[in-house]
Each structure stands twice: as structure tokens, then as C-alpha cells.
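Listed below, chain by chain, are the residues.
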Amino acid sequence: MSLYQWRAGEIITAEKLRSGVQFGLVNVTPVTSVGSGALGSSYYRGRADVTFDVPFAEIPTIQVTARTSVPGGTFIEATYTDVSTTGFTIVIARSNETSTNVDWLAIGRPDL
């Protein structure tokens, strides 16, 4: 999929060549205790807000990946919510309150 819709005869500029890919690393600390649910025991949730350096023209596609050596056990999940053209929120769940590094990637059409 093209990130910029080029038109025949259009002049190419540095601004139009700007990438529609942004990425980063966020450290998330789970501090909110959640009572037992589907997992059968209590766990902790953490959130971190991400603001894009350059806004997107429309809602971008987001990928998040936690750096963990204990997936599915101590570390339960990494996901995101509240996506807009200017940012989103990363949410993690763990069985303890250990900080977790989360890589993120946003792909979309830049707001030119």
C-alpha cells in the first residue's frame, strides 16, 4: 500500500517523501491491581501514553511487542487502546509489578 497518493506530473518534495512509519520504546510499570478474572488470580495492569512526533492523516496501524523472558506466565499481555492520529495508549498485564519495555510501531499516511 502506498503511503502517499502520487499524481501524474506531481513535483516530488522532501515533505512528500517523509516516511509514514514511526516507532519507539516505552517502559510500562503495572501499578493497578485487578481482582481475579478469567485468569483465576489477581494481576496488575499498567498504561503508558505515546504521542507521535508527526501526526498521521488518518488512524495508523499499530503494533506493540513486549520484551519479556516470561511470556504467558508472569507476563500476560501487551495491547493498545485509544488510537488517534496523534497517539495511542499501551496497556500491559503482569502477575507482578515489574516494569516492562514495550516496542511500538505505527504505520500510516503522514499528515502533509
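Described in the following lines is the structure provided in the data block. (Residues numbered from 1 in each chain as written. Predicted model: local features only at pLDDT ≥ 70, side-chain atom pairs only at ≥ 80, totals over all residues. Heavy atoms only, no water.)

## Comments concerning the pattern of salt bridges
Line of reasoning, step 1. Per the counting criterion, the structure on display carries 4 salt bridges.
Line of reasoning, step 2. Between aspartate 82 and arginine 47 there is a salt bridge, with the nearest N and O atoms lying 3.5 Å from each other. Linking aspartate 82 in the loop between β5 (75-81) and β6 (87-94) with arginine 47 in strand β3 (residues 43-51), this pair joins segments that are 35 residues apart in sequence.
Line of reasoning, step 3. Residue classification places aspartate 82 among the exposed positions, given a relative accessible area of 51%.
Line of reasoning, step 4. Taking relative accessible area as the criterion, arginine 47 reaches 54% and is therefore assigned exposed. (Salt bridge = Lys/Arg side-chain N within 4 Å of Asp/Glu carboxyl O. Helix = DSSP H or I, 4+ residues; strand = E, 2+ residues; numbered from the N terminus. Buried < 20%, exposed > 50% of the residue type's maximum accessible area, 1.4 Å probe, protein only.)

## Description of the sheet that holds strand β4 (residues 61-66)
Line of reasoning, step 1. In space, the 3 strands of this open sheet follow the order β1-β7-β4, with antiparallel pairing throughout. The outermost strands of the open sheet, each flanked by one partner alone, are β1 (21-28) and β4. Across the sheet, the mean angle from the axis of one strand to that of its neighbour is 20 degrees, orientation sign disregarded. (Pairing = 2+ DSSP bridges. Axes fitted to C-alpha atoms, helices over the stretch in contact; angles between N-to-C directions.)

## Observations concerning the packing of aromatic side chains
Line of reasoning, step 1. Applying the stated rule across the entire model yields 5 aromatic pairs.
Line of reasoning, step 2. Aromatic side chains phenylalanine 52 and phenylalanine 56 sit 4.9 Å apart centroid to centroid with 90 degrees between the ring planes, which places their arrangement in the edge-to-face category. The exposure classification of phenylalanine 52 matches that of phenylalanine 56, with both residues buried.
Line of reasoning, step 3. Taking the centre distance of 5.8 Å and the plane angle of 35 degrees together, the rings of phenylalanine 52 and phenylalanine 88 count as tilted. Of this pair, phenylalanine 52 sits in the loop between β3 and β4 while phenylalanine 88 is found in strand β6, placing the two residues 36 residues apart along the sequence. Each of the two residues, phenylalanine 52 as well as phenylalanine 88, counts as buried.
Line of reasoning, step 4. Ring pairing ties together the aromatic residues Phe52, Phe56, Tyr80, Phe88 and Trp104, which thus form one cluster. (Phe/Tyr/Trp six-rings, centres within 6.5 Å; stacked < 30°, edge-to-face > 60°.)

## So, the side chain of threonine 100
Line of reasoning, step 1. Note on placement: threonine 100 falls in strand β7 (residues 100-107).
Line of reasoning, step 2. Looking at threonine 100, its side chain comes within polar contact range of the side chain of arginine 94, at 2.9 Å.
Line of reasoning, step 3. Apart from residues lying up to four places away in sequence, threonine 100 is in contact with Val26, Asn27, Val28, Ala66, Arg67, Phe75, Ile92 and Arg94. (Polar contact = N/O pair within 3.5 Å; in protein donor to acceptor, adjacent residues only side chain to side chain. Contact = heavy atoms within 4.5 Å.)

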